[in-house]
Amino acid sequence: MGIRLPDISFEEIKKRDPMSYESINPYSGKRVKQFAEHTDAEVETAVAKAQACFTTWRAKTFSERAAVLSKAALILRSRAEEFASLITLEMGKLIVESRGEVALSADIIDYYAQRAEGFLAPQSLKAHSGDATIESSPIGVLFGIEPWNFPYYQLARFVAPNLMVGNVVMVKHAPSVPQCALAFVALFKEAGAPDGAYTNLFLSNDQAEHLIDDPRIAGVALTGSERAGSVVAAQAGKNLKKSTMELGGSDAFIVLEDAEIDKTVEWAVWGRMNNTGQCCVAAKRFIVLDKVADRFMQKFQAALEALIPGDPLDSSTTLGPLCSEAALVNLLDQVKRSVAAGSRLLMGGGRVNRTGAFMQPSILTDIKKGTPAYVEEFFGPVALFFRVANEDEAIALANDSKYGLGGSVFTADIERGKRVAARIETGMVFVNHPTWTSPELPFGGIKNSGYGRELSGLGIQEFVNKKLVCVVPINAPA
């Protein structure tokens, strides 16, 4: 199945998504701080500075660039609570999860500081005549468009490898996390990055479009929605620029009849509820074999009912708010449309009766092909439950999706798990664990979940000129 993206233009995006860079605490609903967009003149100055920086940054040695990144990782760890609290303030992530994101971001930065030189070492080739080598070199100024749900992690996995390559980066972060965006600017400045190596821009969609058109921008990376990916990929393609797209997902969580149910349910709750379900690789479609479906559902439902809504800064809270009131309203509408189309609501389905953008943990079942719950990505605490008769049905259902990001299979038979994983059409599959991320593991998908990879040795190669240098004896035959 190829990539099928919606037909939408930048003009439509601009009408639907007016920019407003402001911190609104989703727990209290109160506006904390607001920021003005950069002017066109300020953007021009920033691009010129980035281009000038590239000429000197690319000439730095790996150890010189690594010194900056290593210091940035050290600062993150030393002030983890400060950075974590800002995530929770701006998008409502549970504080324990925010701390984990800060630690993961530091790990990613360190990972590339320590390994970039090895990943990019020249490669010798066997040539018919002479000596052939592939050299890796930076390509220039990159433009990244990043989402709100992991405000530092998304930046780290784009910024760290590319700075180590010798590229410089400009970022348009999500309008709802401007203080997190500025915190990363301050982080790299304190770590010793030169002006222009890392730039944050508060851009309108119109300005973002023009920046992609700018000949000084060499490549474009986006993590976001399928709709945004369609627009940005088209604009980059029109300008013949390399791009990577990490878009949405509707990951299958397959439970075979021999799975250890208690532990599987623990992972099911974690896989669906991490970041209040607002994760592209969250477990969203629970595909369970009939033999264990009732037992799984009884325990799964009980675990979801036990979650405690509250202040995400309080470590005893286990259910945080969604990122915004708009996100909550959209999710409630998805549930409503799904029920109207015949799906059955087993639990939840409404907002929690308290201040803040809180959604009840919810389960939909009896989901028919073609209905909203079958085809749409549910970005929040709504689990989609399917019963199947056997392994083949489970795989067929998992693959019957326009998305192809992650997935998981739970079984006591590891070899069986590997065989099932091999048949699932996604970019990532985990056996006996929900899809997750780590610096050394490549991250990315297929189909409408996008293209390209981030993290691992693959992620650092995306915006690199793989140049062939071939030395041939002058008297060699043609």
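Residues numbered from 1 in each chain as written. Predicted model: local features only at pLDDT ≥ 70, side-chain atom pairs only at ≥ 80, totals over all residues. Heavy atoms only, no water.

## A few points about the sheet that holds strand β3 (residues 123–125)
The three strands lie next to each other as β3-β4-β20, forming an open sheet whose pairing is antiparallel. Edge positions in the sheet fall to β3 and β20 (464–471), since each has one partner strand and no second. On average, each strand axis in the sheet is tilted by 30° relative to the strand beside it, whichever way the strands run. Of the pairings in the sheet, the one linking strand β4 (residues 131–138) to β20 comprises eight bridges and is antiparallel in character. (Pairing = 2+ DSSP bridges. Helix = DSSP H or I, 4+ residues; strand = E, 2+ residues; numbered from the N terminus. Axes fitted to C-alpha atoms, helices over the stretch in contact; angles between N-to-C directions.)

## Some points on the environment of E266
Tracing the sequence through the fold places E266 in helix α10 (residues 261–273). Look at E266 and you get partly exposed, because its relative accessible area is 48%. Spatially, the C-alpha atoms of E266 and K299 are 9.1 Å apart, while their sequence positions differ by 33 residues. (Buried < 20%, exposed > 50% of the residue type's maximum accessible area, 1.4 Å probe, protein only.)

## Focus on the side chain of Q179
Summarising the element assignment, Q179 is placed in helix α7 (residues 178–190). Judged by its relative accessible area of 16%, Q179 is buried. Ignoring sequence-local partners within four residues, the contact set of Q179 consists of S23, V32, K33, F35, L86, L89 and E90. (Contact = heavy atoms within 4.5 Å.)

## Observations regarding unusual backbone geometry
The residue L240 is not glycine, and still its phi comes out positive at about 55°. Assignment of secondary structure puts L240 in the loop between α9 (226–238) and β9 (242–246). Judged by relative accessible area, which is 79%, L240 ranks as exposed.

## Quick look at the environment of Q114
Within the secondary structure layout, Q114 lies in helix α5 (residues 95–119). Using a relative accessible area of 57% as the deciding quantity, one classes Q114 as exposed. Once the C-alpha coordinates of Q114 and S63 are considered, the two residues, 51 residues apart in sequence, prove to be 8.9 Å apart.

## Considering the state of the cysteines
Applying the stated criterion across every chain, the model contains zero disulfides. Here C279 stays free of any disulfide, with the sulfur of C280 as its closest cysteine sulfur at 5.0 Å. (Disulfide = S-S within 2.5 Å.)

## Comments concerning α10
Between its first and last C-alpha, α10 extends 18 Å over 13 residues, near the 18 Å set by a 1.5 Å rise per residue. The set of residues buried in α10 consists of I261, T264, V265, A268, V269, G271, R272 and M273. Buried positions along α10 lie against α5, β10 (251–255), β11 (283–289), α11 (290–305), β14 (382–388) and β16 (407–410). One side-chain oxygen of the residue at the start of α10 lies 3.2 Å from the amide nitrogen of D262, identifying that residue as E260. N275 sits one or two residues past α10 and shows a positive phi near 60°. (Expected span 1.5 Å × (residues − 1). Polar contact = N/O pair within 3.5 Å; in protein donor to acceptor, adjacent residues only side chain to side chain.)

## Describing the nonpolar core
Counting residues in hydrophobic clusters, the biggest one holds 119 residues, and the most contacted among them are I109, Y152, F184, F188, I254 and I287. Among the elements that make up this core, the one with the highest residue count is α5 (ten residues). Core analysis: the next-biggest nonpolar cluster, separate from the first, contains 24 residues, V265, A283, V288 and M347 among them. (Core = buried A, V, L, I, M, F, W, Y, C linked by side-chain atoms within 4.5 Å.)

## Things to note about the pairing of β10
Of all five residues making up β10, five are buried, and the element is well covered by its neighbours. Here β10 shows no split at all, with D251, F253 and V255 on one side and A252 and I254 on the other all buried. Here five bridges tie β10 to β11, and the two strands are oriented parallel to one another. In the strand pairing of β11, F253 is matched with F286. In this region the chain leaves β10, passes through α10 and returns to the parallel neighbour β11; the handedness of that crossover is right-handed. The sheet contact formed by β10 and β16 spans four bridges and is parallel. Its bridge partner being in β16, V255 is matched across the sheet by F410. (Right-handed = clockwise from strand over helix to strand, strands pointing away.)

## Some words on the packing of helix α4 (residues 80–91) against α5
Axis separation between α4 and α5 bottoms out at 8 Å; the angle between their running directions is 125°. Between α4 and α5, the crossing angle belongs to the class labelled oblique. Like other packed secondary-structure pairs, α4 and α5 cross with a definite hand, here right-handed. Residues A80, E81, F83, A84, S85, I87 and T88 of α4 touch α5, and the partners they reach there are I95, S98, R99, E101 and V102. (Parallel < 35°, antiparallel > 145°, perpendicular 65-115°, else oblique. Left-handed = near helix turned anticlockwise from the far one by under 90°.)

## Looking at the confidence of the model for the protein
Residues of the protein with pLDDT of at least 70 account for 96%, and the chain-wide mean is 96. Highest mean pLDDT in the protein belongs to strand β5 (residues 141–145) (99); lowest belongs to helix α1 (residues 10–16) (49). Contacts from residues 1–6, a stretch scored under 50 in pLDDT, to residues over four places away or in other chains number 20 contacts. (pLDDT = per-residue confidence, 0-100.)

## A short note on the environment of E440
Mapping E440 onto the fold places it in the loop between β17 (430–431) and β18 (446–447). Between the alpha carbons of E440 and A36 there is a distance of 37 Å; along the sequence they are 404 residues apart. Once residues lying within four places of it in the same chain are set aside, the contact partners of E440 are Y111 and S456. A polar contact is formed between the side chain of E440 and the side chain of S438, at a distance of 2.8 Å.

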